[in-house]
Amino acid sequence: MALPLTINEIMYFAGRHHGGSEVVSITADEGLHRSTYAEVFGRASQLAGALAALGLEPGDRVATLAWNDHRHLELYYGVSCAGYVLHTINPRLFADHLVYIMSHAEDRVLFFDPMFMPLVEAIADKLPTIEHFVVLSGAGGASESKLESVRCYEELIGERNTDYAWPDVDEDSASVLCYTSGTTGHPKGVLYSHRSTVLHAYASIMPDAMGLSKRDVALPVVPMFHVNAWGMPYACAIAGAKIVMAGPKMADGETLQRLIEDEGVTIAAGVPTVWLALLTYLRESGKTVPSLERTIVGGAACPLSIMREFEDEHGVSTRHAWGMTETSPLGTVNTPVRSSEDLSETERDQLRVKQGRAVFGADIKIVGEAGSELAWDGEAFGDLKIRGFWVCDGYFGQDDSVATLDAEGWFSTGDVATIDADGFMKITDRTKDVIKSGGEWISSIELENLAMGHPDVAEAAVIGVAHAKWGERPLLIVVPEQGKDVDKGALLGWFKGRVADWWIPNDVATVEEIPHTATGKISKLTLREQFKDYRLPAES
Ligand code: ADP
């Protein structure tokens, strides 16, 4: 039976079989909100009716500037299943970037959380393609707005029925548009199709991926504006898992702990920074996360210290995962294989910091400078390439003559990696962050992970700085643990015997805060800018 692979099918199935599964969220205007998938889909119907009445055509872009909550989930289904494209936008971007991507995408409607009203008011006159502004609130949420035409979400959808006649959507048509954060050049738009989204959600449920089931309670701490919250809004609906969303309180350890405890969260997913916030809160408050079984950690390398603290103090396992906006994002996940059971503790630690094995639907390989595939021996490292059902083959609005894939259809990730004999991939760096000392590569990620394991270090970053003899040498930048002083000599001594001598950083700089990108990763670009006049000590 050639049923189309569409998000409409997810909605239809989840509505019939998991309609009663709960959707719990913290909202900007109503505090804790409880509903069910059935209610979410009913309201998605009302939303689709409202969008049709606004005169949208198939394929038109509908933008959101919003945190994770039930209304954003309604937009996920209501917009895509009606044949429009949901354009999720990161509200932490600079205003210029926001204007650029909304204009580039030619968004026609903008839905936004009430807290972003001042931001939207400030840029509204630079957004000529936006015809309708809708604030995600109950009636009266826009009464004091300076915007000329702005409506409230609840009023907009309240006039409509809950039985919208959903169109037949082509599985290859676009469902969501997401721009990469644009660390170089302009942000680039990645379009996901209905088909790629369904296949990606299917795969992420598998036991060696997220291992989602109907008994799970899932907390996506990764924002819904960043790669579809790693596909969890779809995967949870397929599996029937209860979904819990933290609204604007995503990076707040106290809120995360409370949600986990009160809602019985079993699986949570996010970048390492949010887990640092949660673990710090747990340490300081003495609180626990008894229901939590596993965390999916990705988006940046997860330090061993985070994995250890989760496991040893809270009995929570971490699944280290790798992916990117262009890969929907699921690429690899680290779950143990049978042979991992006999490893010593040190070997087990070395294995779990790897980013894991490929999931069916996304094949990986590493290639050397000449472009030929390198051995899977855990030693050879080269450019990581990926090819699969949910990997993008071009960017939105990009000239067709620009090749995104190589001749065999592989996408170059910009990451440098090794793959071992069991297929476990390990990111050693991003191509642009790797430190080149005397022509040899030093992995900034490995040094950061080691530094994070030192008891006096709260956060660490390593960048390459100019060196007369070696071209570049590593500089370690650290934020000390609260109330601790970092002893430079002792910290550098910590690396001795843990890495090759020539990898040991030449110097340590102490800072109060390490800058992060809009998606919560260490911003090496900002650090390089901050330390551009830095000179290594003369003797090094
Ligand atoms: P951006 O490229 O704008 O930072 P993405 O979210 O697409 O946005 O980032 C993808 C990149 O993040 C990957 O190419 C890789 O460099 C990094 N990354 C993702 N997951 C991991 C991980 N588990 N370990 C190390 N790096 C990771």
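This text goes with the structure placed above it.
Residues numbered from 1 in each chain as written. Predicted model: local features only at pLDDT ≥ 70, side-chain atom pairs only at ≥ 80, totals over all residues. Heavy atoms only, no water.

Tallying secondary structure elements over the protein chain gives 16 helices and 25 strands in all. Dimensions along the principal axes, computed over C-alpha positions, put the protein chain at roughly 70 × 55 × 50 Å. Buried residues in the protein chain amount to 57% of all 540 residues. Across the protein chain, the fraction of contacts at a sequence separation of at least 24, relative to all contacts at a separation of at least 6, is 67%. Looking at the protein chain, you have 46 positive and 77 negative side-chain charges, and the mean spots of the two groups are 2 Å apart. (Helix = DSSP H or I, 4+ residues; strand = E, 2+ residues; numbered from the N terminus. Buried < 20%, exposed > 50% of the residue type's maximum accessible area, 1.4 Å probe, protein only. Contact = heavy atoms within 4.5 Å. Lys, Arg positive; Asp, Glu negative; His and termini not counted. Charge placed at Lys NZ, Arg CZ, Asp CG, Glu CD.)

This brings us to empty space enclosed by the protein. With the rule as written, the count across this model stands at two cavities of 30 Å³ or more. The element contributing the most residues to the lining of the second largest cavity is helix α7 (residues 194–205), with three residues. Within the lining of the second largest cavity, the residues separate by chemical class into two nonpolar, six polar and no charged. (1 Å grid on protein atoms, 1.4 Å probe; cavity = no way out; pocket = protein on both sides within 12 Å on 5 of 7 lines; lining within 4 Å. Points joined across faces, edges and corners; volume = space filled by probe spheres on them. Nonpolar A, V, L, I, M, F, W, Y, C, P; charged D, E, K, R; others polar.)

Right, let's get into the layout of surface pockets. In this structure, the second largest pocket occupies an estimated 810 Å³ of space. Around the second largest pocket, the lining comprises 26 residues; the ones closest to its centre are Leu276, Arg283, Val457, Ala458 and Glu481. Counting only elements with at least two residues in the lining of the second largest pocket, the list comes to α11 (272–285), α12 (304–314), β23 (457–467) and β24 (471–480). No other element matches α11, which puts six residues into the lining of the second largest pocket. Per-class residue counts for the lining of the second largest pocket are ten nonpolar, seven polar and nine charged.

Time to look at the sheet that holds strand β25 (residues 507–510). A sheet is described by the order of its strands in space; here three strands give the open sequence β23-β24-β25, paired in mixed fashion. Strands with a single pairing partner mark the edges of an open sheet, and in this sheet they are β23 and β25. Strand-to-strand twist across the sheet, computed as the mean angle between neighbouring axes with direction ignored, equals 30°. Relative to β25, β24 runs parallel, the two sharing four bridges. Within β25, the residue paired with Ile477 across the bridge is Ala509. (Pairing = 2+ DSSP bridges. Axes fitted to C-alpha atoms, helices over the stretch in contact; angles between N-to-C directions.)

The next subject is the packing of α11 against α12. In the contact formed by α11 and α12, the axes pass within 10 Å of each other and the chain directions differ by 40°. Handedness of the α11/α12 crossing: left-handed. When α11 is examined against α12, the residues Pro272, Trp275, Leu276, Leu278, Leu279, Leu282 and Arg283 are found in contact with a partner set consisting of Ile306, Glu309, Phe310 and His314. For the contact of α11 with α12, the class distribution of residues is eight nonpolar, one polar and two charged. (Left-handed = near helix turned anticlockwise from the far one by under 90°.)

Now for a nonpolar patch on the surface. Judged by side-chain polarity, Met206, Phe360 and Phe389 come together as a nonpolar surface patch covering roughly 320 Å² of accessible area. Here Phe389 shows up in the loop between β18 (382–388) and β19 (411–419). For Phe389, a relative accessible area of 38% translates into the label partly exposed. (Patch = residues over 30% accessible without salt bridge, like charges linked within 9 Å, V, L, I, M, F, W, Y side chains within 5 Å. Areas by Shrake-Rupley, 256 points an atom, 1.4 Å probe, with all protein chains shown as cover. Salt bridge = Lys/Arg side-chain N within 4 Å of Asp/Glu carboxyl O.)

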